[in-house]
Amino acid sequence: MPESRPARTVPSEGSRATSAHAATHSIHEDPEYAYTARSPERTLLHRVVREKLEPFLASARAREQPAPRFIEQELHAFLRCGILAHGFLRLRCDDCGHNRLVPFSCKRRGFCPSCGGRRMADTSAHLVDRVFPSVPVRQWVLILPYPLRYRCAYDAKLTSEVLRAFLRALFAQLRRRVRRHWGALAEQCGAVSFIQRFGSALNLNLHFHTLALDGAYAYAAGHEQARRFLVLPPPSHDGRSACGARLRRASPTRDPPRQTAHRCRRPGARRRRARRARDRARAGCAFPRRAGSRRRARR
């Protein structure tokens, strides 16, 4: 069932440039914002992983259920991230002669909070500065049923198909709402989706976070004329339910229609079998028993 979050307007280029300029001046003037090297080996998370990782992997191998290789690589990379003993970069200023050592980072996506936070901040800044226009943006969250979560967790192609079906259903609903609310034909919708593979308890819970433009661009009369963005009101519960129903109809994982029997797969098999039964009944022939019934009768 898709859920929606309140829409927010992305600031314009002028306000973003002004705020960035003011932040730059405040950083240079305030010594509190100077670079400080972090010490990941002193954190509680690093100490727990460092002490419990090898016993956990050994017990998993003893039960003949070893952890996947990518999990071991992720955890070992986290233990090396930000440690000077595992490599660093030396930076020197030619004007003042100041030296600084910057340790290497693991650049992983799953477990390291430092690299994950840096990537999150860089991605959000890129979306605000270079991707999203100055229009309202709404977050949609698609939660999958339990069987589909486990299938999508190990099937990248199925995950792409489910996300594609969700975006088609969402864009169709946005265009339909624009046509009803504004009386205009909507041409272009836009969205950016992120796949999250875990829940709040670190359990396997693959779901989608989609940042969609809260409206659509209308058809322009000419190529020189700028396209007008048609803003929509917040969606109602019926609208979200309609989007979920449309997604279920377009889902690539729907079960095929059931067939009553194996012998009914050929076209006309049921009619031919009924016609033979009528012919036997008219001729006074008894229906033959199945082999299993004869065996049960003999016992």
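Residues numbered from 1 in each chain as written. Predicted model: local features only at pLDDT ≥ 70, side-chain atom pairs only at ≥ 80, totals over all residues. Heavy atoms only, no water.

This part takes up the packing of aromatic side chains. The tally for this structure, following the rule as stated, stands at two aromatic pairs. With 5.3 Å between their ring centres and 80° between their planes, Phe78 and Phe111 make a pair best called edge-to-face. With Phe78 in helix α3 (residues 69-80) and Phe111 in the loop between β4 (99-103) and α4 (113-131), the pair connects residues that are 33 residues apart, well separated along the chain. Overall, Phe111 belongs to the partly exposed group, its relative accessible area being 30%. Look at Tyr217 and Phe229: their rings are 4.9 Å apart centre to centre, the planes differ by 65°, and that puts the pair in the edge-to-face class. Here Phe229 lies in strand β10 (residues 229-231) and Tyr217 lies in strand β9 (residues 215-218), a separation of twelve residues in the sequence. You'll find Tyr217 and Phe229 in the same group, each marked buried. (Phe/Tyr/Trp six-rings, centres within 6.5 Å; stacked < 30°, edge-to-face > 60°. Helix = DSSP H or I, 4+ residues; strand = E, 2+ residues; numbered from the N terminus. Buried < 20%, exposed > 50% of the residue type's maximum accessible area, 1.4 Å probe, protein only.)

What follows covers the nonpolar core. Grouped together as the largest cluster of nonpolar side chains are 28 residues, with contacts concentrated most on Leu144, Cys152, Val162, Phe166 and Phe208. Elements that contribute at least two residues to this core include exactly β5 (136-143), α5 (146-153), α6 (156-182), β8 (204-213), β9 and α7 (237-250). Broken down by element, the residue count for this core peaks at eleven residues, all from α6. Non-local contacts of Leu144, meaning those with residues more than four positions away in its chain, are made with Arg149, Cys152, Val162, Leu206 and Phe208. If you look at the next biggest cluster of nonpolar residues, it comprises twelve residues, including Ala77, Phe78, Leu79 and Cys112. (Core = buried A, V, L, I, M, F, W, Y, C linked by side-chain atoms within 4.5 Å. Contact = heavy atoms within 4.5 Å.)

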